[in-house]
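# Geometric and topological summary
Spelled out, the chains give:
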Amino acid sequence: MAKRRSTVTSNDTKPADHDTALTSVDPATGEVIGTHVIADDAAVAAAVAQARAAAATWGALCFDERRTHLLRWASKLAQKSDEVCELIHTENGKPLDDALLELMLSLEHISWAAKHAKKALGPKRISPGSLSSNYSARLEHRPLGIVGVIGPWNYPVYTPNGSIAYALAAGNTVVFKPSEYATGVGNFLADAFAEANPELPEGVFVTINGYGATGAALVRADIDKIAFTGSTATGKRIMAAAGEKLTPVLLECGGKDAVIVAADADIKAAADAVAWAATVNSGQACTGVERVYVERSVSDAFISEIKRILTDVRPGSDNKASYGPMTMPSQIDIVRRHIEDALKNGGTAVLGGPESIKAPFIEPVVLVDVDEDSEAVAEETFGPTVTIRTVDSVDEAVELANKSKYGLSSAVYSKKNGLNIARRLRVGATSVNSVLGFAAIPGLPFGGVGDSGIGRIHGEPGLREFARPHSIAVQRFTVPGMALASYTRTDSTMKLLRKLVPFVYGRRK
Ligand code: NAD
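Source: prediction; values computed, not measured.

## Details of the packing of aromatic side chains
Tallied over the entire structure, the rule returns 8 aromatic pairs. Seen from their ring centres, Trp153 and Phe382 are 5.7 Å apart, and the 80 degrees between their planes marks the pair as edge-to-face. Of this pair, Trp153 sits in the loop between β5 (146-150) and α5 (158-169) while Phe382 sits in the loop between α12 (375-378) and β16 (385-391), placing them 229 residues apart in sequence. In this structure, Trp153 and Phe382 share a single accessibility class: buried. With 5.9 Å between their ring centres and 15 degrees between their planes, Phe438 and Phe446 make a pair best called stacked. Members of the aromatic cluster, joined through ring pairs, are Trp58, Trp73, Phe176, Phe193 and Phe205.

Put into structure tokens, the structure is as follows:
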């Protein structure tokens, strides 16, 4: 089979014209690092047709065969880790060490999906129950066909892979539209898959490049599911557009994650984790900590420890910097607006303030006791800022944490009651005495409630998102006189049933 580029529309030599090509730039320097041809409606349709043609072959492979191909892909990415980390660093801005951590997490997920698809989706015998004891019952799972994946830029390998690897492991082919801010990384992933699996037909995993219009064309195309990761506003537009054809959606959207610090918490550990999770990747993480609710008796100690840690944390693009630049220039104005709004609404900046914005970098900003209705507390900031509110009880902390329209993830610090507090939170995931602990455990599903989205990636639920359950009931023999689904049913059968119903069901507790 001919070797091919997996990027259907990529052409590195095409000049940058905003209508036909997008340029990828280093957010720290503004330097152009790549040019990619934008896929128009026809190119999107061509990519989908290619994926449709490949779906028959890829979907017909057994789980073990797909596992081999996915593990080869992971291994190729691992062999090229220096190259991919350098690309993540230059295109996204995050430090090389953070890029490596992101790659490592992604490889863990690819391997998990590859190795667990058979158990999660393989055929299962189901008990037919007493009414149908003359049947054997089976639950099988079929691939959906083509999954369209639309990704964000902030974790350009990890986040889309929660859909790509799991959709592939479930037997679907994938058409991926990476973010316009992570096009090079997206194409690298698909090219590595093709390179690792030269014997596979074209179209098992392809990318199409472009802005929102290319994503919108993918949503309208002949696909069987759309898996989106990005902002809530875009998620809503995608769901509305997908509704035209009843194309199912998986939406992984924004967050406003809260941490609860109880009076019995290890304050140093909590402050250390919050300082990192509020500013890592310049705060551009859907699961970044944006709000903290801390009990009064430990509040001063917690705030002064956070301040102490973050005073030494510095953004930059050199290899000693703690985190990088803001990847998307327009986000800087949102962060500025939130800081100003917080200060206008009774909040105090105990570290930094509007002067911390030195585009494209933003130094850490810690805001305390900001009005809960202000934008800084209610809306996703997506910058290296955090609000801390002192509360009188864990009950108050839980109430305020749950007040958000978002419900993605969260964390609880408490030596004795962590699990109980976690259970009360209206979110998709919670870490107890750590932050983001769930992200590195591939068996745990991930996703949100409310404005944070619909559906789950990762774990067995994440595999089932990309499969169609197929129930099969096989009648093994007929019971004389008991043909209930037939006009040959007799009065004496019904008479017997009238006696049996209260006897069988009436006694059940
Ligand atoms: P975004 O919504 O601006 O863009 C995401 C993707 O959607 C991009 O590829 C973009 O080109 C595409 N797009 C834009 N308009 C479209 C349309 N009308 N139809 C189809 N596609 C369209 O988001 P972003 O700025 O890239 O990412 C940041 C957001 O992503 C934040 O809100 C963050 O919380 C969220 N996020 C969520 C998760 C999660 O797992 N829940 C993970 C990472 C990021």
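## Describing the nonpolar core
Judged by nonpolar contacts, the single largest core of 58 residues is most densely connected at Trp73, Leu77, Leu168, Phe193, Phe205 and Leu463. Broken down by secondary-structure element, the contributors of at least two residues to this core are α1 (41-60), α2 (63-79), α3 (81-92), α4 (96-121), β5, α5, β6 (173-177) and α6 (183-196). If one sorts the elements of this core by residue count, α4 sits on top with 10 residues. Apart from residues lying up to four places away in sequence, Phe193 is in contact with Trp58, Leu70, Trp73, Leu168, Leu200, Val204 and Phe205. Counting 30 residues, the second largest nonpolar core, distinct from the first, contains Ala270, Ile388, Ala411 and Tyr413.

## As for the environment of Ser297
Turning to its location among the elements, Ser297 is positioned in helix α10 (residues 296-311). Separated by 130 residues in the primary sequence, Ser297 and Val427 have C-alpha atoms spaced 26 Å apart.

## A closer look at the sheet that holds β5
Strand order in the open sheet formed by 6 strands is β7-β6-β5-β8-β9-β21, and the pairing between neighbours is mixed. The sheet terminates laterally at β7 (205-207) and β21 (453-454), the two strands that pair on one side only. Here β5 runs beside strand β8 (residues 225-229); their pairing, made up of 4 bridges, is parallel. By the bridge assignment for β8, Val147 is matched with Lys225. Each of β5, β6 and β7 touches α1; the most contacted strand, β6, lies at about 150 degrees to it. On the sheet, helix α7 (residues 212-220) packs against β5, β6 and β8 and is oriented at approximately 160 degrees with respect to β5.

The rules behind each value
Residues numbered from 1 in each chain as written. Predicted model: local features only at pLDDT ≥ 70, side-chain atom pairs only at ≥ 80, totals over all residues. Heavy atoms only, no water. Phe/Tyr/Trp six-rings, centres within 6.5 Å; stacked < 30°, edge-to-face > 60°. Helix = DSSP H or I, 4+ residues; strand = E, 2+ residues; numbered from the N terminus. Buried < 20%, exposed > 50% of the residue type's maximum accessible area, 1.4 Å probe, protein only. Core = buried A, V, L, I, M, F, W, Y, C linked by side-chain atoms within 4.5 Å. Contact = heavy atoms within 4.5 Å. Pairing = 2+ DSSP bridges. Axes fitted to C-alpha atoms, helices over the stretch in contact; angles between N-to-C directions.

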